[in-house]
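Given next are the chains, with one letter for each unit.
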Amino acid sequence: NQYALWATWHAGFADITADWTEDVMRREAARSSPIDYVNYVTPEYTLYATRKITPAALVSLGYAQYFMTGEFASLAQNVNFGQREVFAGAELRESPHLSTLVSVRRSAFSGYATVLTGVPPPDFTGTLVIVEQRIKL
């Protein structure tokens with residue numbers, strides 16, 4: 001099952017957009033193959049604001065989260081992680097055929113060890129800068 005909601009409010013100072021999706025994955029296993037059991041959810045949402053500064057310049061700022069929790073090929077919980085991201089960007093339309101996009105993203109990924117093997121969870125934090133040039137032919 002998948003549930004989703006997308007809404008935008010055109011406020012005077014910016015366009016505010018909320019985007020929410022939740023996937024629910026469930027699959028029962030046959031008695032002869034219990035490893036086929038799946039039961040997890042993946043809630044995710046994004047909230048961001050976009051504002052046109054000039055007819056040729058647009059800026060945006062937002063926050064996003066994605067999580068996954070449940071069981072995959074196991075009867076015990078073995079999936080539990082998530083990612084949070086803050087982002088800001090600007091687009092400058094230099095001509096009808098050329099635009100430049102600059103985006104900065106700060107991400108934090110975390111989870112907890114669900115198997116007691118001594119292996120730490122995949123936790124990391126990082127920053128990504130993207131500069132993209134779009135050419136319309």
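In short, a report on the structure.

Rules used in this analysis
- Residues numbered from 1 in each chain as written.
- Predicted model: local features only at pLDDT ≥ 70, side-chain atom pairs only at ≥ 80, totals over all residues.
- Heavy atoms only, no water.
- Helix = DSSP H or I, 4+ residues; strand = E, 2+ residues; numbered from the N terminus.
- Rg over C-alpha atoms; globule rule 2.2 N^0.38 Å.
- Buried < 20%, exposed > 50% of the residue type's maximum accessible area, 1.4 Å probe, protein only.
- Contact = heavy atoms within 4.5 Å.
- Areas by Shrake-Rupley, 256 points an atom, 1.4 Å probe, with all protein chains shown as cover.
- Lys, Arg positive; Asp, Glu negative; His and termini not counted.
- Charge placed at Lys NZ, Arg CZ, Asp CG, Glu CD.
- Pairing = 2+ DSSP bridges.
- Axes fitted to C-alpha atoms, helices over the stretch in contact; angles between N-to-C directions.
- Phe/Tyr/Trp six-rings, centres within 6.5 Å; stacked < 30°, edge-to-face > 60°.

**Details of the overall build of the chain**
Here is step 1 of the chain: Across its full length, the chain holds zero helices and seven strands.
Here is step 2 of the chain: What you see in the chain, going N to C, is helices and strands ordered as β-β-β-β-β-β-β.
Here is step 3 of the chain: Relative to the globule expectation of 14 Å for 137 residues, the C-alpha radius of gyration of the chain, 20 Å, shows a markedly less compact shape.
Here is step 4 of the chain: Within the chain, the fraction of its 137 residues that count as buried is 23%.
Here is step 5 of the chain: Taking contacts inside the chain between residues at least 6 apart in sequence as the whole, the part at least 24 apart equals 42%.
Here is step 6 of the chain: As displayed, the chain offers around 9500 Å² of accessible surface, 62% of which is attributable to carbon and sulfur atoms.
Here is step 7 of the chain: If you average the places of the 11 positive and of the 13 negative side-chain charges in the chain, the two averages end up 5 Å apart.

**Overview of the environment of T8**
Here is step 1 of the chain: Within the secondary structure, T8 sits in strand β1 (residues 2–10).
Here is step 2 of the chain: Sequence-wise, T8 and Y63 are 55 residues apart; in three dimensions their C-alpha atoms are separated by 15 Å.

**Let's talk about the sheet that holds β1**
Here is step 1 of the chain: Overall, antiparallel pairing links the seven strands, which are arranged β1-β2-β3-β4-β5-β6-β7 in an open sheet. This sheet does not close on itself; its edge strands, each paired only once, are β1 and β7 (124–135). Averaged over all neighbouring strand pairs, the angle between strand axes comes to 10 degrees, with direction disregarded.
Here is step 2 of the chain: Where strand β4 (residues 57–72) lies against strand β5 (residues 79–95), 14 bridges are found, and the strand directions are antiparallel. Its bridge partner being in β5, V59 is matched across the sheet by A90.

**A look at the packing of aromatic side chains**
Here is step 1 of the chain: Here the structure, examined in full by the defined rule, presents six aromatic pairs.
Here is step 2 of the chain: Ring geometry for F109 versus F124: centroids 5.2 Å apart, planes at 10 degrees, classification stacked. Residue F109 is located in strand β6 (residues 98–111), and its partner F124 is located in strand β7; the two are separated by 15 residues in the primary sequence.
Here is step 3 of the chain: Cluster of aromatic residues (ring-pair linked, three or more members): F81, F109 and F124.

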